[in-house]
Amino acid sequence: MAENLLIVESPAKANTIKKYLGKTFDVKSSFGHIRDLSKKNFGVDVENNFKPSYILDPKKKKVIKELKDAVKTAKMVWLASDEDREGEAIAWHLAQVLKLDETNSKRIVFNEITKSAVTKAIEKPRTVNQDVVDAQQARRILDRLVGFELSQLLWKKVKGSLSAGRVQSVAVKLLVEREREIMVYKPTSSFKVVGIFSFKDDNGKTVSFKASLKRALKDKKEALAFINDCIKSDFKITSVETKPSKRKPSAPFTTSTLQQEASRKLGFSVSQTMTVAQKLYEAGRITYMRTDSVSLSNDAIEKNKNYILENFGDKYLKIRKYKTKSKGAQEAHEAIRPSSMVKKVSSNSNEQRLYNLIFNRTLASQMADAIFDKTNVTINISESPEVFVAKGEVLKFAGFLKAYNYQDEDSVNEKSELLPPLKEKQELDLDKATATQRFSHHPARYTEASLVKKLEELGIGRPSTYAPIISTIQKRGYVEKEDRDGVERKYEEIVLQKGKIKESEKIEMAGAERKKLFPTDIGMVVNDFLSEHFDKVMDYNFTATVEKDFDKIANGKIVWHKMLGKFYKDFHKTVEETTETAERNAGERKLGSDPKTGRQIIVRIAKYGPVVQLGQTEDKDKPVFASLQKDQHLETITLEEALKLLESGGNGRFIGDDPESGRPIYARVGKFGPLVQMGKYDDKEKPKFANLRKGQTVDNLTFEQALKLFELPRTLGDYETKTVVVGVGRFGPFVRHDGKFVSLKKTDDPMEIQIERAIELITEKRKKDIEKHIKSFPKNEDLKIIKDRWNRPCVYYKKKYFRIDADTDPTTLTEKDCMKIAGVKKTDKKKVVKKKATAKKTVKKKTTTKKKK
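These numbers were taken from a predicted model, which means no experiment stands behind them.

Visitor: Sorry, what's going on with the sheet that holds strand β24 (residues 664-670) here?
Guide: In a beta sheet, neighbouring strands are held together by backbone hydrogen bonds and run either parallel or antiparallel to one another. Strand order in the open sheet made by the four strands is β23-β24-β25-β26, with antiparallel pairing throughout. Since the sheet does not close on itself, it has two edges, and those belong to β23 (653-657) and β26 (688-691), each with one partner. Averaged over all pairs of adjacent strands, the angle between strand axes in this sheet comes to 30 degrees, irrespective of strand direction. Sheet topology note: the β24/strand β25 (residues 673-678) ladder contains six bridges and is antiparallel. Bridging from a neighbouring strand, R668 pairs with L675 of β25.

Visitor: Would you mind showing me how to read the pattern of salt bridges here?
Guide: Tallying each qualifying case throughout the model produces 44 salt bridges. Measuring nitrogen to oxygen at the nearest pair gives 2.2 Å for the salt bridge that ties R180 to E635. Here R180, found in helix α6 (residues 166-184), pairs with E635, found in the loop between β22 (624-627) and α17 (639-650); they are 455 residues apart in sequence, far enough to count as distant. Look at R180 and you get partly exposed, because its relative accessible area is 25%. Linking R489 and E508 is a salt bridge whose minimum nitrogen-to-oxygen distance equals 3.0 Å. One end of the pair, R489, is in strand β16 (residues 487-497); the other, E508, is in strand β17 (residues 500-510), and 19 residues separate them in sequence.

Visitor: Mind showing me how you'd approach the sheet that holds strand β19 (residues 589-593) here?
Guide: In spatial order, the strands read β19-β20-β21-β22; together these four strands make up an open sheet with antiparallel pairing. Edge positions in the open sheet fall to β19 and β22, since each of these has one partner strand only. On average, each strand axis in the sheet is inclined to that of its neighbour by 25 degrees, with strand direction left out of account.

Visitor: How should the pairing of strand β31 (residues 773-776) be read in this particular structure?
Guide: Every regular strand shows the same layout, with side chains that alternate between the two sheet faces. Pairing of β31 with strand β32 (residues 783-787), which is carried by three bridges, proceeds in the antiparallel orientation. Along β32, the bridge assignment pairs K775 with I785. Hairpin connection from β31 to β32: six residues lie between these consecutive antiparallel strands.

Conventions adopted
- Residues numbered from 1 in each chain as written.
- Predicted model: local features only at pLDDT ≥ 70, side-chain atom pairs only at ≥ 80, totals over all residues.
- Heavy atoms only, no water.
- Pairing = 2+ DSSP bridges.
- Helix = DSSP H or I, 4+ residues; strand = E, 2+ residues; numbered from the N terminus.
- Axes fitted to C-alpha atoms, helices over the stretch in contact; angles between N-to-C directions.
- Salt bridge = Lys/Arg side-chain N within 4 Å of Asp/Glu carboxyl O.
- Buried < 20%, exposed > 50% of the residue type's maximum accessible area, 1.4 Å probe, protein only.

As structure tokens, then:
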């Protein structure tokens, strides 16, 4: 048996470390935390200095037994969980449960899983840092007390099954405040003028370029007056200014900046970024991924220096030492960087893509500035006081852009063009001038990444908490992340060309949202209730102050239970007072009366979400309910919109009765879009549904069109002994054959298509599938290698695509390789069956004993 037992919290981390240590070390995993606060009495003895009551995780019994057995045979136990507060707490819990002390255990930490880092850590062990453990305990206890007490209060005063958290509630508040800013925002319009100018160069060739009017014109009247001035004007360049400018590289990644950049460049969610980064860390590819430090070790700087000199040359090198600006940067001692200067590290495309981002950002941080020549040209208009301005930019020296070509968020909208050689007093011809009506935009909704940035700016949360905060508020139903289509908007355009002015009205799609966070009605109601009664808990500054207090506890400056006591006394008193005095708040709002019946119409939060309600429970007739649509809010819905939802008893707009069954037919908007419904929910027979086709709306759908929609899906005939069916689904019209779906073309009408055309589409799809196919695995029907829509090889597993790295030959991949790329782990089914069998035997045994008695 090995003399040393090294315990980490992750099996993947354990497997990596095993490669570096000899036979004298046995490396095991605790699979995360092995115990947590009991749920009985909150798991905290408030009267006894907030003494926590811990219980072992019942799922970890086998793991704990294995660790205890391993401890018995080991001379020294090394606790090697992560170096942040969470990791320190895991080490402390292990020491408590395994009954370790300073004579038979040591604590080691490393911020990268490499042989040298692990070896150095073993050479410099320490004891568990009790101050750091206390800081983590204080956070856990405070969150438990606040979460449990607020949740119970919400059940009584708002709606059952709700929950609240100290930091999560503040994050929701940010989203609610932004949504309300958007609700009241009134866009203003102005006219932006762009001119296309030309001149003859020295060779007599006509050269043209664009310039924009320096200011926007306030309305159409002013825009028309200006365009008219241009007809009789001469245009001359009054100044040409060329200045060199520099762009510096950004600092290496912290947790927050990695989450933001991975979202912007790779389209990753915050939780996805952390999952992929965790895998890279555990495989020994990057340093620890929960950090708010931007500094690099001297060893890392030296490695980057050598790589830059070897691959780019000395003019691209500029050693930089970054300092962390965040006062609370306690989580780790170094930025996220590669463990070694290796470019290819994983066959999993997401892991490789995130690694490339980290590698290139770290490398760029030690490289020279990028140098540009920026040119500003001013053009005088003889008959107007306005001026046109043209901006150009030429890259003179790439510097760090050689490694990391990116745009800062602040400069995403700044576009510069390459300008031709221009000089002062040069006369120009105006070929065309276009004045386009533009509209101001409401404050941007938060994405996951921009919310992380805001939380960090306010000092709310820490690197280890950003992803859980965002994940939790979505799971609780307070926030939804979704795409929303834009709406058609008319705008005006005035064009001057060849001395003639042409006015026109055009249409654009405006207001589209992609991967944005929207607070739900229940999220807004809960936020209002908590803000009204717990203004201190919901205060941004207070939440940030609590984080600073945790930092002070970790540094041994204050006692953890005193800090909790100071907060909890007032908090608990407020909970008790609110329980006694606060009225129930379901976000109820009176809209008016139904013009037909005179019954009152309200909107409120019901058991399954926001609804419009016609009438009260005490009325003779039962209340009628209708659910709000996704883009409707309790706060903004009008009486007219509510009446529309309540049409035909909440079923939608009545169109007519089905001639065959006599059941009523309604048109309404459902969860996934406009649809037609036959029958009511309270009928014995369930209602039938059919999706509306493109161009059809709830308001314009005719009775004949509705009947035709119910003919779908319809059977076209048989092909290869299998039935061919045509229908309309959530993603449009389709043909189904042998369990497979083929989308119809834009020119195909699902109401008119015949079997011959359907066979053509099926055959065409098969040919495309054959062209896309690269490799199959007979023993695993769910798995294959195919080309995606961009013709890139991918692993296709259970209807999901997983990119294969460009350097990998897909034909050489085995089934095991593909499953690894798809991130699938094998489960031990035998153990599960065995457990169930044992449980049944035990039950029989107990029954027999009872009969004997």
